2 protein chains.
Amino acid sequence: MRLSTARRLVLEALFAADGPVSAPQLAQVLQVDATSVYRNLELLERHGLVRHVHLGHGAGLWVLPGRQELEYLYCERCAKVTQVAADDLDSIREQIRQRFGYRVRFTHFALIGLCDQCAGSSASRVSSYRKLTGAVRGR
Amino acid sequence: MRLSTARRLVLEALFAADGPVSAPQLAQVLQVDATSVYRNLELLERHGLVRHVHLGHGAGLWVLPGRQELEYLYCERCAKVTQVAADDLDSIREQIRQRFGYRVRFTHFALIGLCDQCAGSSASRVSSYRKLTGAVRGR
DNA sequence: ATACTTGCAAATGATTTGCCAGTGT
DNA sequence: ACACTGGCAAATCATTTGCAAGTAT
């Protein structure tokens with residue numbers, strides 16, 4: 001796989017990004033045709049250089065996989081996103097496996113719900129940000 | 001809210017269905033314009049008569065809310081769906097709330113992963129079926 | 001030459017919006 | 001009359017596919 005221009009731009013953009021970015025966003029910012037962005041993301045994903053996540057509704061979001069696998073928590077009201085290391089969810093994952101027979105992961109589809117602020121209670125202290133595509137209106 | 005023809009057909013179809021059904025499916029089966037199906041589903045949802053779930057990729061799926069709230073587990077490989085009563089997940093939900101500050105639910109977005117068969121191990125004994133829209137090819 | 005890449009147009013699929021004509025009260 | 005309803009065309013959004021011209025090796 002050659003490191004073509006569009007390909008390099010996509011990687012650089014993801015590297016510079018502060019969080020997951022959608023293909024349409026990349027295409028617009030980089031001034032590269034969306035088709036090319038999609039094709040490159042797919043190819044890069046096959047090579048394990050990028051991956052994508054789904055945070056609730058809307059476009060898939062792309063990221064560079066870090067050294068440690070990250071899983072996502074997403075607030076469907078305020079669009080806050082929290083990333084946690086896979087290890088932190090192992091115990092929960094294991095309980096789910098034992099009780100229901102599914103090996104779940106929140107790397108491809110986030111864990112979705114309401115953050116404490118949006119529900120009204122305590123706090124947390126993990127790295128969080130907001131989904132770029134904006135918060136969600138009442139469903 | 002009047003119980004118009006299209007509205008009644010949608011409700012009857014959901015009642016007869018064995019699992020969540022998409023709007024496009026309803027439109028096709030009932031021979032009712034998709035627009036009408038969407039509008040009715042949305043209206044019915046606002047009145048709490050129906051609700052919808054997202055099982056991985058693809059269209060949203062609609063169901064009649066039962067007496068007890070159901071949450072979904074979905075296998076991204078074989079499309080197997082398992083429904084569990086909300087209570088059964090309360091302990092897990094609570095752990096997630098304490099550790100990460102999110103009140104998650106799997107009623108709107110399913111808990112996604114691989115079922116034991118697709119991963120290779122033990123078993124479970126809950127009501128399960130397959131997503132109508134077919135299984136997923138290797139990502 | 002030959003394989004890899006890209007842009008552009010067009011298609012797909014789910015979902016939404018505008019509009020207008022028909023129906024129920 | 002007047003609000004509610006359904007169908008149809010068209011628009012939107014994310015994503016995919018076909019194709020033809022351009023580029024690297």
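S.K.: Would you mind showing me how to read the side chain of R7(A) here?
M.R.: Residues and elements named next belong to chain A. Positionally, R7 belongs in helix α1 (residues 5-16). Lacking a salt bridge, the buried R7 has E42 as its closest oppositely charged neighbour, with an N-O distance of 10 Å. What R7 contacts, discounting residues up to four positions off in sequence, is M1, R2, N40, L43 and L44.

S.K.: Any chance you could explain the pairing of strand β7 (residues 111-115) of chain A here in plain terms?
M.R.: A regular strand places its side chains so that they alternate between the two faces of the sheet. The buried fraction of β7(A) is high, at four of five residues. Pairing analysis gives three bridges linking strand β4 (residues 70-75) of chain A to β7(A), with the strands arranged parallel. Looking at β7(A), one finds that C75(A) is bridged to G113(A). Inspection of the sheet shows β7(A) paired to strand β6 (residues 102-104) of chain B by three bridges, in the antiparallel sense. Within β6(B), the position partnered with C115(A) by the bridge is Y102(B).

S.K.: Quick question: what am I supposed to make of the nonpolar core here?
M.R.: One broad rule of soluble globular proteins: the nonpolar side chains tend to lie buried together. Counting 26 residues, the largest nonpolar core has I96(A), F100(A), L111(A), I96(B), F100(B) and L111(B) as the members making the most contacts within it. Every element with two or more residues in this core is listed here: β4, α4 (90-100), β6 (102-104) and β7 of chain A together with β4 (70-75), α4 (90-100), β6 and β7 (111-115) of chain B. If we ignore the near neighbours within four places in the chain, the residues touching L111(B) are I96(A), V104(A), F106(A), L111(A), Y72(B), L73(B), Y74(B), L89(B) and F106(B).

What counts as what
Residues numbered from 1 in each chain as written. Chains lettered and ligands numbered in written order. Predicted model: local features only at pLDDT ≥ 70, side-chain atom pairs only at ≥ 80, totals over all residues. Heavy atoms only, no water. Helix = DSSP H or I, 4+ residues; strand = E, 2+ residues; numbered from the N terminus. Buried < 20%, exposed > 50% of the residue type's maximum accessible area, 1.4 Å probe, protein only. Lys, Arg positive; Asp, Glu negative; His and termini not counted. Salt bridge = Lys/Arg side-chain N within 4 Å of Asp/Glu carboxyl O. Contact = heavy atoms within 4.5 Å. Pairing = 2+ DSSP bridges. Core = buried A, V, L, I, M, F, W, Y, C linked by side-chain atoms within 4.5 Å.

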